[in-house]
Amino acid sequence: MARRKIIAGNWKMNMTPSEAVELINTLKPLVENHEVDVVFCVPAIDIIPAVEAVKGTNIMIGAENMYYEEKGAFTGEISPAMLVDAGVKYVIIGHSERREYFAETNETVNKKVLKAFEHNITPIVCCGETLTQREQGVTIDFIRQQIKVAFLNVTAEQAKEAVIAYEPIWAIGTGKVATTEQAQEVCKAIRDCIGEIYDDATAAAIRIQYGGSVSASSAPELFAQADIDGGLVGGASLKADFGQIVNYNK
């Protein structure tokens, strides 16, 4: 069975609540494509107005982060129950910016992945290497380690529902895009790794996105690859271009 493509926008720290609603209203007619899953991952403060603004459309709302405890003395954090109650379906976990600026580790990523599944939120689990790691030839080893720790104690049934986003750190926001061959090679290695952890059926079911300066022009070729099931899109998700990326197959 063919995997359904998933194209998600990561808004990062952009858009006030009122700007978010305005952007959604602009994008709504542009991202109509019932052959793919369309997700807007928005800042926490935008979630509630965003969920309201997408009602009756094909767009789902995701969060950009989540804590791994149910509730308690964790000032500034957001719990999975809060996200569920607000109408969130997806959550980005372990983005390279979270790892770099906010001390996220493979171990905290794993705790968040397990907690997301407990609450039926689909995790978009991020992985990716630096330019130095690529030049040293350790890309695949490094990413396999990220995946193996992220999926520790995750069941095969859960893993089938997960989304993995491969984002080479050197391509995020730089305008540099991994070549189609580079992107496909790593996404295939990720799928092979999932096959080793679980089985072929799980590897065949899991959806793997490419992220890192995805554009309307690069999307069709990237998304045509055997192991690339869509994209996690940064800057371009804040513009009308996102409509062209979503409708790459039209």
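Refer to the structure presented above.
Bear in mind the structure is a predicted one, so any value in this text is a computation, not a measurement.

The rules behind each value
- Residues numbered from 1 in each chain as written.
- Predicted model: local features only at pLDDT ≥ 70, side-chain atom pairs only at ≥ 80, totals over all residues.
- Heavy atoms only, no water.
- Helix = DSSP H or I, 4+ residues; strand = E, 2+ residues; numbered from the N terminus.
- Buried < 20%, exposed > 50% of the residue type's maximum accessible area, 1.4 Å probe, protein only.
- Pairing = 2+ DSSP bridges.
- Right-handed = clockwise from strand over helix to strand, strands pointing away.
- Polar contact = N/O pair within 3.5 Å; in protein donor to acceptor, adjacent residues only side chain to side chain.

Draft legend 1. Seen up close, the environment of Asp141. Looking at the element boundaries, Asp141 is found in helix α7 (residues 139-150). On the basis of relative accessible area, Asp141 is assigned to the exposed category, the value being 54%. For the pair Asp141 and Glu32, spaced 109 residues apart in sequence, the C-alpha to C-alpha distance is 38 Å.

Draft legend 2. Broad picture of the pairing of strand β3 (residues 59-63). The buried count for β3 comes to four of five residues, which makes it a mostly enclosed element. The sheet contact formed by strand β2 (residues 37-42) and β3 spans five bridges and is parallel. What sits directly across from Val39, in β3, is Met60. Of the crossover connections in this fold, the one passing from β2 over helix α2 (residues 47-53) to the parallel β3 is right-handed. For β3 and strand β4 (residues 90-93), the ladder comprises two bridges, and the chain directions are parallel. For Gly62, the partnering residue across the bridge sits in β4 and is Tyr90.

Draft legend 3. Structural context of the side chain of Asn65. Inspection of the secondary structure puts Asn65 in the loop between β3 and α3 (80-86). When its relative accessible area of 17% is taken as the criterion, Asn65 is described as buried. A distance of 2.8 Å separates the side chain of Asn65 from the side chain of Lys112, its partner in a polar contact.

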